[in-house]
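# Structural features, examined
Below, each chain spelled out in residue letters.
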Amino acid sequence: NDSTTSVKSRLFCQAEDKDGSFWLGTLGGGLLRFNPDTKEFSHYEFKQDDPTSIPDNYIVGLVFDSTGKLWIGTTAGLCSYDPQTNQFVRYFLPNNNSTDSYRYRVIRSMLLSKNKLYLSTYGGLQVFDISTNKSEHLIHDDRNPTSLSHNSLFQAAENQDGTFWIASYGGGLSLYDPVLKKFTN
């Protein structure tokens, strides 16, 4: 937390806090919080030996839930920010692909809907329930035509009917129905 730190990384995402401050995610420079009243920045970075720091300095998604908790997607997983302790909490993301040792946690984008974070990763779709802190890892299965079309994902967008379009690299678009837990490719 240093208000004089200059971060020379590209800004990638942002979210506005209910107190009027701005959270800014960078690609390699960690996380910044800007207070427009004081014109000061707080700077948060990954620290190898500190499990209460952010899990990585590449921030790819920021979203506030209905309780005001900030959820942070990184290229090394998911965490949230606790303003009471000024610390970060890291969350476990399961891996259902035995041939994947890291892509399942490399988040590319995130979307919050009905207390669930839809995390598009290099290794499938993580559906993280923020009320239970548990995630379900959905991946492509050659034997299942209603599975995800491809594991390398870019983005998710929600339809008015509660289904989700999932954009992939190499598999086109998939339509996900969270009630049926099936994909149409």
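You'll find the structure just up there.
The notes below deal with the structure included here.

### A closer look at the pattern of salt bridges
Applying the stated criterion across every chain, the model contains 5 salt bridges. Among the salt bridges present, the one from K114 reaches E158, with a minimum N-O distance of 3.5 Å. Highlighted residues: K114 in the loop between β9 (107-113) and β10 (116-121) and E158 in strand β13 (residues 153-158), separated in sequence by 44 residues. According to the relative accessible area criterion, K114 is exposed, its value standing at 69%. The exposure class of E158 is partly exposed, given its relative accessible area of 34%. Between D141 and R143 there is a salt bridge; the shortest N-O distance is 3.2 Å. Accessibility expressed as a relative area gives 24% for D141, which makes it partly exposed. Through salt bridges with shared partners, one network takes in D17, D19 and R33.

### Structural notes on the pairing of strand β15 (residues 173-177)
Side chains S174 and Y176 of β15 all project onto a buried face; the interleaved residues L173, L175 and D177 project onto a face where none is buried. Strand direction decides the pairing type here: strand β14 (residues 164-168) and β15, joined by 4 bridges, are antiparallel. Along β15, the bridge assignment pairs W165 with L175. Counting the residues between successive antiparallel strands, the hairpin from β14 to β15 contains 4 residues, one of them, G170, with a positive phi of roughly 105 degrees. Inspection of the sheet shows β15 paired to strand β16 (residues 182-184) by 3 bridges, in the antiparallel sense. Looking at β16, one finds that Y176 is bridged to F183.

### Quick notes on the environment of Y176
Relative to the elements of secondary structure, Y176 occurs in strand β15. Y176 sits in the buried class, given a relative accessible area of 3%. Linking Y176 and F46, residues 130 residues apart in sequence, is a C-alpha distance of 33 Å. Beyond its immediate sequence surroundings of up to four residues, Y176 is in contact with Y118, L125, L138, T163, F164, I166, K181, K182 and F183.

### Notes on the packing of aromatic side chains
Following the criterion strictly, the structure yields 12 aromatic pairs and no others. Here W23 and Y44 contribute two aromatic rings whose centre-to-centre distance is 5.7 Å and whose plane-to-plane angle is 25 degrees, an arrangement assigned as stacked. You can see W23 sitting in strand β2 (residues 22-26) and its partner Y44 sitting in strand β4 (residues 40-44), a full 21 residues away along the chain. According to the relative accessible area criterion, W23 is buried, its value standing at 0%. Classification of Y44 as buried rests on a relative accessible area of 7%. When the centroid spacing of 4.8 Å and the interplanar angle of 40 degrees are considered together, the rings of F34 and F41 count as tilted. Ring-pair connections join several aromatic residues into one group, and the members of that group are W23, Y44, Y81 and F88.

### Observations regarding the pairing of strand β3 (residues 31-35)
With 4 of 5 residues buried, β3 is to be regarded as a mostly interior element. In this sheet, β3 lies alongside β2 in antiparallel orientation, the contact comprising 4 bridges. Of the residues in β3, the one forming a bridge with L24 is L32. Where β2 folds back on β3, the antiparallel hairpin that results is connected by 4 residues, among which G28 adopts a positive phi of roughly 110 degrees. Direction of pairing for β3 relative to β4: antiparallel, over a ladder of 5 bridges. Opposite F34, over in β4, you have F41 as the bridge partner. In sequence, β3 turns back onto β4 through a hairpin of 4 residues, with K39 there showing a positive phi of about 60 degrees.

Calculation criteria
Residues numbered from 1 in each chain as written. Predicted model: local features only at pLDDT ≥ 70, side-chain atom pairs only at ≥ 80, totals over all residues. Heavy atoms only, no water. Salt bridge = Lys/Arg side-chain N within 4 Å of Asp/Glu carboxyl O. Helix = DSSP H or I, 4+ residues; strand = E, 2+ residues; numbered from the N terminus. Buried < 20%, exposed > 50% of the residue type's maximum accessible area, 1.4 Å probe, protein only. Pairing = 2+ DSSP bridges. Contact = heavy atoms within 4.5 Å. Phe/Tyr/Trp six-rings, centres within 6.5 Å; stacked < 30°, edge-to-face > 60°.

The analysis is restricted to geometry; functional conclusions fall outside its scope.
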